[in-house]
Amino acid sequence: MATVSIKLRTDKKPDANGKYPLAIRVYHKKTFYLFFPFRIAEEDWREEASRVRASHHNYNLLNDIIQEKFSAVDDAVIIATSRNRNVAPERLKKIIEQE
């Protein structure tokens, strides 16, 4: 069974402004990440809700983008794994990236 979640990658080095990369984490036999084109400061991220805090000036727009991409990835994972439970992780990543 594949799982999809959103993670602020605080294990990575922050940029010059102290912001970390944000990614969708997909686990299906192994883990891979799909990164967003923006970074978020740790104090602007709500880990328990996987959302940007209202303290960020564009939080509504960013949360909409995050939710839209998360839904697309989750749908692709469900469709791919329902057709073939033994789909290879590399193949699953290619399917998701085509979406």
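Note: the structure precedes this text.
Residues numbered from 1 in each chain as written. Predicted model: local features only at pLDDT ≥ 70, side-chain atom pairs only at ≥ 80, totals over all residues. Heavy atoms only, no water.

Asks: So what's going on with the pattern of salt bridges? Residues and values would help.
Replies: For the coordinates displayed, the defined rule picks out 4 salt bridges. Ionic pairing is found between Asp11 and Arg9, a salt bridge with its closest N-O pair at 2.7 Å. Since its relative accessible area comes to 58%, Asp11 is described here as exposed. In this structure, the salt-bridge partner of Glu90 is Lys30, at a minimum N-O distance of 3.2 Å. One end of the pair, Glu90, is in helix 2 (residues 89-98); the other, Lys30, is in strand 3 (residues 30-41), and 60 residues separate them in sequence. (Salt bridge = Lys/Arg side-chain N within 4 Å of Asp/Glu carboxyl O. Buried < 20%, exposed > 50% of the residue type's maximum accessible area, 1.4 Å probe, protein only. Helix = DSSP H or I, 4+ residues; strand = E, 2+ residues; numbered from the N terminus.)

Asks: Break down the packing of helix 1 (residues 59-83) against helix 2 for me, citing the residues and quoting the values.
Replies: In the contact formed by helix 1 and helix 2, the axes pass within 9 Å of each other and the chain directions differ by 135°. Accordingly, the angle class assigned to the pair helix 1 and helix 2 is oblique. In this structure, the crossing between helix 1 and helix 2 has a hand that is right-handed. Packed against helix 1, whose contacting residues are Val73, Ala76, Val77 and Ala80, the element helix 2 presents Leu92, Ile95 and Ile96 at the interface. Here the contact of helix 1 with helix 2 is built from residues that sort into 7 nonpolar, no polar and no charged. (Axes fitted to C-alpha atoms, helices over the stretch in contact; angles between N-to-C directions. Parallel < 35°, antiparallel > 145°, perpendicular 65-115°, else oblique. Left-handed = near helix turned anticlockwise from the far one by under 90°. Contact = heavy atoms within 4.5 Å. Nonpolar A, V, L, I, M, F, W, Y, C, P; charged D, E, K, R; others polar.)

Asks: Give a description of the layout of surface pockets that names residues and reports values.
Replies: Each pocket or cavity is described by its volume, and for the largest pocket that value is around 170 Å³. Around the largest pocket sit Ala72, Asp75, Ala76, Ile79, Ala80, Arg83, Ile95 and Glu99, which together line it. With 6 residues, the single largest contributor to the lining of the largest pocket is helix 1. Its residues placed into classes, the lining of the largest pocket shows 5 nonpolar, no polar and 3 charged. (1 Å grid on protein atoms, 1.4 Å probe; cavity = no way out; pocket = protein on both sides within 12 Å on 5 of 7 lines; lining within 4 Å. Points joined across faces, edges and corners; volume = space filled by probe spheres on them.)

Asks: Give me the lowdown on the pairing of strand 1 (residues 3-8), citing residues and values where you can.
Replies: Alternating residues of strand 1 divide into Val4, Ile6 and Leu8, all buried, and Thr3, Ser5 and Lys7, none buried. Examined bridge by bridge, strand 1 and strand 2 (residues 19-28) share 6 bridges and lie antiparallel to one another. In the sheet register, Lys7 faces strand 2, and the bridge partner there is Ala23. (Pairing = 2+ DSSP bridges.)

Asks: Could you give an account of unusual backbone geometry, naming the residues involved and the relevant values?
Replies: Within the chain, Lys29 stands out as a residue other than glycine whose phi angle is a positive 70°. Of note, the phi angle at Ser50 is positive, near 55°, even though the residue is not glycine. By secondary structure assignment, the location of Ser50 is in the loop between strand 4 (45-46) and strand 5 (51-52). Look at Ser50 and you get partly exposed, because its relative accessible area is 22%.

Asks: Break down helix 2 for me, citing the residues and quoting the values.
Replies: Every buried residue of helix 2 is listed here: Pro89, Leu92, Ile95 and Ile96. End-on, the buried residues of helix 2 take up no more than an arc of 120°, which puts them together on one face. Across from the buried face of helix 2, at angles greater than 90 degrees, the exposed residues are Lys94, Glu97 and Gln98. (Arc of directions from axis to C-beta.)

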